[in-house]
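Coordinate analysis (summary)
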Amino acid sequence: MRRISWMLAMILCVTVVLAGCGGKKDAASVVKDLNNVVDTLQSKDGSYKGTGKMTLYTGEKPQEYQVEVWYQNPNYYRISLTNAQKDVTQIVLRNDDGVFVLTPSLNKSFRFKSDWPDNQGQVYLYQTLVRGILSDNTRQFAADKDSYVFDVAANYHSQSLVRQKIWLNKDNYAPKQVQVSDSDAHVVVEVKFDQFQFDAKFDKDSFDMKRNMTVQSDPSVGTVAEVDENGNPVASQDQPQGDNGEAAQEVTKELGDFGMIIPDYLPEGVTLKDSNKLDNSDNHALLLRYDGTYQFTIMESRPQDRAVSLMSGEVVDLGFTAGLLAGDEQQTLTWMNGDGVEFRITSANLPVDEMIQIAASLQEQSGK
């Protein structure tokens, strides 16, 4: 009887263990589920909304940003990045009119012609994270109490970003945390989501450029003034026309001279050749020239009133905002910071990865 009782107890224990194992998922089953989630996002009502904190460890001090990301099928995106130190918000927006980078507090905007983020996503976009998991056949998988954890190759513009670790909620596969590391396994970018909701509902004009520009700014100040690839004003359908056919423009408040902003990072073997303040420049423009291993220039200016409509190019994730990379033999990376200063790095031989690191170091500096 004792032997029978012992055998029954063992059978019961094995049954309990097997039942517990039956509820666990392996990497293949999770990947299959993620494909279904992507299919749902691509359906008519596909959408999501998330908030969290992003930390960039690219400089001497970590830079923190509050992140809010919206998506609505088929190709509407709104990403709000608020610098926690400076309390300045920039918005990356995609709608039927193009891709915009908005600084509502200054009533300034870049307009890009790009298919972003189809070919180049960001660490806070769900589609980018899932694409990284699905495309890496050597993916590493683990599970903790509440999350499925994937360690996969990074698929971002910067070559210094090598690996990414992604935590997904076990209940609905919503992102919880992302860590992107360099070749030395140092975390360079980290995003921690505090909220993430699928099937989010948005107002009809949630992705409208004008609405997003007036969320934090005074709509009576400034206007959207577009220019072509040569910097010449062009008429917009939304702008009144003057007597000579040129677009009528209002002028935003004068922000004044910003000094000279020197990058804290330079590629090895590169030094500053010279710097020149451009005479009679209403935009307080100056030019920095660098020589050595690579030759490049940095143009800095503070446009008083314009939303720059640039030539077609590739949108590049700078972490703190988005920039536009244009040109072939000679490339120019253009972006604007939260203080209304426009930067242009131009070079025939400077790698894009180095441009991004220089841009990140400029973000942390103030004018001298």
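Residues numbered from 1 in each chain as written. Predicted model: local features only at pLDDT ≥ 70, side-chain atom pairs only at ≥ 80, totals over all residues. Heavy atoms only, no water.

- Identification of the chain as Outer membrane lipoprotein-sorting protein from Paenibacillus rhizosphaerae is taken from an unreviewed UniProt entry.

**Let's talk about the overall build of the chain**
- Scanning the chain for helices and strands turns up 5 helices and 19 strands.
- Residues counted as buried form 48% of the 368 residues belonging to the chain.
- When contacts within the chain are restricted to residue pairs at least 6 apart in sequence, long-range pairs at least 24 apart make up 52% of them.
- Total accessible area computed for the chain in this model is approximately 18700 Å², and 47% of it derives from carbon and sulfur atoms. (Helix = DSSP H or I, 4+ residues; strand = E, 2+ residues; numbered from the N terminus. Buried < 20%, exposed > 50% of the residue type's maximum accessible area, 1.4 Å probe, protein only. Contact = heavy atoms within 4.5 Å. Areas by Shrake-Rupley, 256 points an atom, 1.4 Å probe, with all protein chains shown as cover.)

**Considering the pattern of salt bridges**
- The full count for this structure, using the stated rule, is 8 salt bridges.
- For the salt bridge of Glu64 with Lys53, the shortest nitrogen-to-oxygen distance reads 3.9 Å. Highlighted residues: Glu64 in strand 2 (residues 63-72) and Lys53 in strand 1 (residues 47-56), separated in sequence by 11 residues.
- According to the relative accessible area criterion, Glu64 is partly exposed, its value standing at 29%.
- In this structure, Arg344 and Glu342 form a salt bridge, with 2.8 Å as the shortest nitrogen-oxygen distance.
- By relative accessible area, which is 25% here, Arg344 ends up partly exposed. (Salt bridge = Lys/Arg side-chain N within 4 Å of Asp/Glu carboxyl O.)

**Side note on the packing of helix 2 (residues 27-41) against helix 3 (residues 126-135)**
- Viewed as axis vectors pointing N to C, helix 2 and helix 3 meet at an angle of 145 degrees, and their least axial separation amounts to 11 Å. Where helix 2 crosses over helix 3, the handedness of that crossing is left-handed. Here Val31, Leu34, Asn35, Val37, Val38 and Leu41 of helix 2 lie close against helix 3, whose contacting residues are Tyr126, Val130, Ile133 and Leu134.
- Across the contact of helix 2 with helix 3, the residue classes tally to 9 nonpolar, 1 polar and no charged. (Axes fitted to C-alpha atoms, helices over the stretch in contact; angles between N-to-C directions. Left-handed = near helix turned anticlockwise from the far one by under 90°. Nonpolar A, V, L, I, M, F, W, Y, C, P; charged D, E, K, R; others polar.)

**Considering the side chain of Thr55**
- Here Thr55 is to be found in strand 1.
- Residue Thr55 is classed as buried on the basis of its relative accessible area, which comes to 5%.
- Once you skip the residues sitting within four places of it in the chain, Thr55 turns out to touch Pro62, Gln63, Glu64, Val188, Val189 and Glu190.

**Overview of the confidence of the model for the chain**
- Overall, the predicted model of the chain reaches an average pLDDT of 81, with 78% of residues at or above 70.
- A low-confidence stretch, residues 6-22 (pLDDT under 50), is modelled with 0 contacts involving residues beyond four sequence positions or located in other chains. (pLDDT = per-residue confidence, 0-100.)

**Focus: the environment of Ile79**
- Summarising the element assignment, Ile79 is placed in strand 3 (residues 76-83).
- Remark: the alpha-carbon pair of Ile79 and Ile91, spanning 12 residues in sequence, is separated by 5.5 Å.
- Beyond its immediate stretch of four places on either side in the chain, Ile79 contacts Glu68, Val69, Gln90, Ile91, Val92, Trp116, Tyr124 and Leu125.

**Observations regarding the environment of Val352**
- Relative to the elements of secondary structure, Val352 occurs in helix 5 (residues 352-363).
- You can call Val352 buried: its relative accessible area is 16%.
- Taking the C-alpha atoms as reference points, Val352 and Gln159, separated by 193 residues in sequence, lie 9.0 Å from one another.
- Aside from chain neighbours lying at most four places away, what touches Val352 is His157, Leu325 and Gln331.

**What about the sheet that holds strand 13 (residues 286-292)?**
- Read from one edge to the other, the open sheet built from 7 strands follows the order 12-13-14-19-18-17-16, with strand pairing classed as antiparallel. Unpaired on one side and paired on the other, strand 12 (270-277) and strand 16 (314-317) mark the two borders of the sheet. In this sheet, neighbouring strand axes are inclined to one another by 20 degrees on average, regardless of whether the strands run parallel or antiparallel. (Pairing = 2+ DSSP bridges.)

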